[in-house]
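Examining the three-dimensional arrangement
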Amino acid sequence: MATVNAGILGTGHAYPTGILTNADLEKLVETTDEWITSRTGIKQRRKAAPEEYTSLFAVRAARQAIERARIDPSEIDVLICATVTPDQILPSTGCLIQAELGANKAAAFDLAAACSGFLYGLTLVNSMIRTGQCRYALVIGAEVLTKYVDYTDRSTCVIFGDGAGAAVLGAVEEGRGILSARIRSDGRFAEQLYAPGGGTRMGSTTETLASGQHFFKMKGNELFKVAVRSMTDISREVLAEAGKAADDIDLFIPHQANQRITDAVASKLGVDEARIYSNISQHGNTSSASIPIALDECVEAGRVKDGDLVVLTSFGGGVTWGGVVLRW
Ligand code: COA
């Protein structure tokens with residue numbers, strides 16, 4: 001069977017209307033707009049209301065992606081919801097989205113790879129489309145991280161925001177779409193970003209809830225170095241695999257973790273500012289949603305053009321990381 005390339009046929013994104021600014025955070029913890037801006041680049045992040053949940057934003061983003069791909073939800077064979085903040089433990093958020101969309105022929109599941117979840121999803125469906133196992137796939141990155149953030153911990157509460165991004169993938173002509181994709185992990189660094197409570201290892205009790213064991217804990221300083229190294233190395237690897245160099249990149253979209261991380265990776269790769277997309281000032285770190293939101297913003301703004309070479313790279317809790325090279 002002849003192999004085909006998998007490409008992105010449509011994208012979408014959605015986020016809550018609620019906004020949490022640095023000025024709002026100054027009232028909650030001992031921090032300043034100056035500190036947050038200079039250390040992270042973040043000015044505001046979206047925050048879901050108590051009655052809002054992950055699949056709400058995922059469905060909105062997915063509907064937009066499906067419409068732009070000009071397909072019917074019933075044509076989707078695989079639906080992946082990358083998330084670490086599912087609606088509930090059972091069933092998967094993917095299944096809830098599948099029902100809501102009417103994607104009645106799709107296999108649906110959740111993928112937990114933190115901030116690398118969207119690239120993990122792209123890499124999996126790339127193989128499925130190339131081998132003919134699937135015609136159309138929907139990959140969503142969706143998070144309501146703010147419900148797992150401790151608003152008394154200044155080292156994490158300034159970082160995270162909520163939102164969802166989605167992409168429909170299908171076969172495209174040779175030389176276009178995904179040219180190379182790699183995903184990796186190293187669980188030895190698990191405790192650099194984790195939520196210890198609420199699972200089978202430390203079930204929720206009155207005590208664990210009172211001591212905030214279900215909230216994200218982060219060793220930001222250590223993660224910083226691993227993030228820069230991992231995203232730089234894997235970007236070089238996928239570029240080499242695609243037979244491309246950093247000079248060939250038209251648009252570089254790294255996971256939006258911290259502006260200083262983005263700048264460090266871009267500088268090591270030799271990608272100048274004009275070719276980098278950053279929305280961290282407006283969204284903060286939305287984990288698995290960050291790359292698909294950024295990608296869809298680029299599509300809407302006409303920032304990505306037909307034939308552009310696009311490089312996506314991610315790093316997240318696990319730790320996990322990945323890289324994808326696309327010919328748009
Ligand atoms: N406001 C003011 N001061 C703060 C603060 C805040 N919001 N958060 C931390 N600080 C303080 C610390 O308490 C520390 O004070 P001390 O020196 O008196 O102990 C000081 O600032 C420096 O802390 P440090 O953690 O070394 O700062 P940093 O420059 O590494 O920046 C992060 C912290 C979290 C912004 C940064 O490490 C980062 O972005 N790391 C990556 C995180 C990430 O990407 N996580 C997700 C992975 S996908």
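Residues numbered from 1 in each chain as written. Predicted model: local features only at pLDDT ≥ 70, side-chain atom pairs only at ≥ 80, totals over all residues. Heavy atoms only, no water.

Observations concerning the sheet that holds strand E8 (residues 177-185)
- Pairing is mixed across the open sheet formed by four strands, whose spatial order is E8-E13-E12-E11. In this open sheet, the two strands that pair with only one neighbour each are E8 and strand E11 (251-254). Sheet twist, expressed as the mean angle between neighbouring strand axes with direction ignored, is 10°.
- The strands touched by helix H5 (residues 117-130) within the sheet are E8, strand E12 (309-316) and strand E13 (320-327), with E8 carrying the most contacts at an inclination of about 125°. (Pairing = 2+ DSSP bridges. Helix = DSSP H or I, 4+ residues; strand = E, 2+ residues; numbered from the N terminus. Axes fitted to C-alpha atoms, helices over the stretch in contact; angles between N-to-C directions. Contact = heavy atoms within 4.5 Å.)

What about the packing of aromatic side chains?
- For the coordinates displayed, the defined rule picks out two aromatic pairs.
- With a centroid separation of 5.8 Å and 20° between ring planes, the pair formed by Tyr148 and Phe216 is classed as stacked. Of this pair, Tyr148 sits in the loop between strand E6 (136-144) and helix H6 (154-157) while Phe216 sits in the loop between helix H7 (206-210) and strand E10 (217-218), and the two are 68 residues apart along the sequence.
- Given the relative accessible area of 28%, Tyr148 is considered partly exposed.
- Ring geometry for Phe160 versus Phe216: centroids 5.7 Å apart, planes at 65°, classification edge-to-face. Taken together, the residues Phe160 in the loop between H6 and strand E7 (162-172) and Phe216 in the loop between H7 and E10 connect sequence positions 56 residues apart. Considered together, Phe160 and Phe216 belong to a single accessibility category, that of buried residues.
- A connected cluster of aromatic rings, assembled from ring pairs, spans Tyr148, Phe160 and Phe216. (Phe/Tyr/Trp six-rings, centres within 6.5 Å; stacked < 30°, edge-to-face > 60°. Buried < 20%, exposed > 50% of the residue type's maximum accessible area, 1.4 Å probe, protein only.)

Considering unusual backbone geometry
- With an omega of -5°, the peptide bond between Leu90 and Pro91 qualifies as cis.
- Within the fold, Pro91 resides in the loop between strand E4 (76-82) and helix H4 (93-101).
- In this structure, the amide linkage connecting Gly318 to the following residue, Val319, adopts the cis form with an omega of -5°.
- Relative to the helices and strands, Val319 resides in the loop between E12 and E13.
- The phi torsion at Arg70 lies on the positive side, around 55°, for a residue other than glycine.
- Counting through the fold element by element, Arg70 comes out in the loop between helix H3 (54-69) and E4.
- Here the phi dihedral of Ala114 falls at roughly 50°; this positive angle occurs in a residue that is not glycine.
- For Ala114, the location among the structural elements is in the loop between strand E5 (107-111) and H5.

Points about the nonpolar core
- By size, the foremost hydrophobic cluster in this structure holds 40 residues, and its most contacted members are Phe252, Val271 and Phe315.
- Taken together, the elements giving at least two residues each to this core come down to helix H8 (220-241), helix H9 (259-269), E12 and E13.
- In terms of residue count, the dominant contributor to this core is H8 (eight residues).
- With residues near it in sequence (within four places) discarded, Val271 still touches Ala246, Ile249, Phe252, Ala266 and Ile276.
- Among the nonpolar cores identified, the runner-up in size contains 31 residues, and Tyr120, Ile178, Ala181 and Leu295 belong to it. (Core = buried A, V, L, I, M, F, W, Y, C linked by side-chain atoms within 4.5 Å.)

Quick word on the domain arrangement of the chain
- According to the domain assignment, the chain contains domain 1 (5-174) and domain 2 (179-327).
- Tallying the contact residues gives 51 residues for domain 1 and 45 residues for domain 2.
- When domain 1 packs against domain 2, close to 3,700 Å² is buried across both sides, 63% of that on carbon and sulfur atoms.
- For the domain 1 face of the interface with domain 2, the top three residues by lost area are Cys115, Leu119 and Tyr120, together amounting to 18%.
- Here domain 1 is connected to domain 2 by two salt bridges.
- Among the ionic pairs, Arg68 bridges to Asp296, the shortest N-O distance being 2.7 Å.
- The tally of links between domain 1 and domain 2 comes to 22 residue pairs in polar contact (both at pLDDT 80 or more).
- Per-element tally for the side of domain 1 that touches domain 2: the top contributor is H5, with seven residues.
- When its residues are assigned to classes, the side of domain 1 that touches domain 2 shows 20 nonpolar, 21 polar and 10 charged. (Domains from an automatic or database assignment. Buried area = accessible area lost by both parts, 1.4 Å probe. Salt bridge = Lys/Arg side-chain N within 4 Å of Asp/Glu carboxyl O. Polar contact = N/O pair within 3.5 Å; in protein donor to acceptor, adjacent residues only side chain to side chain. Nonpolar A, V, L, I, M, F, W, Y, C, P; charged D, E, K, R; others polar.)

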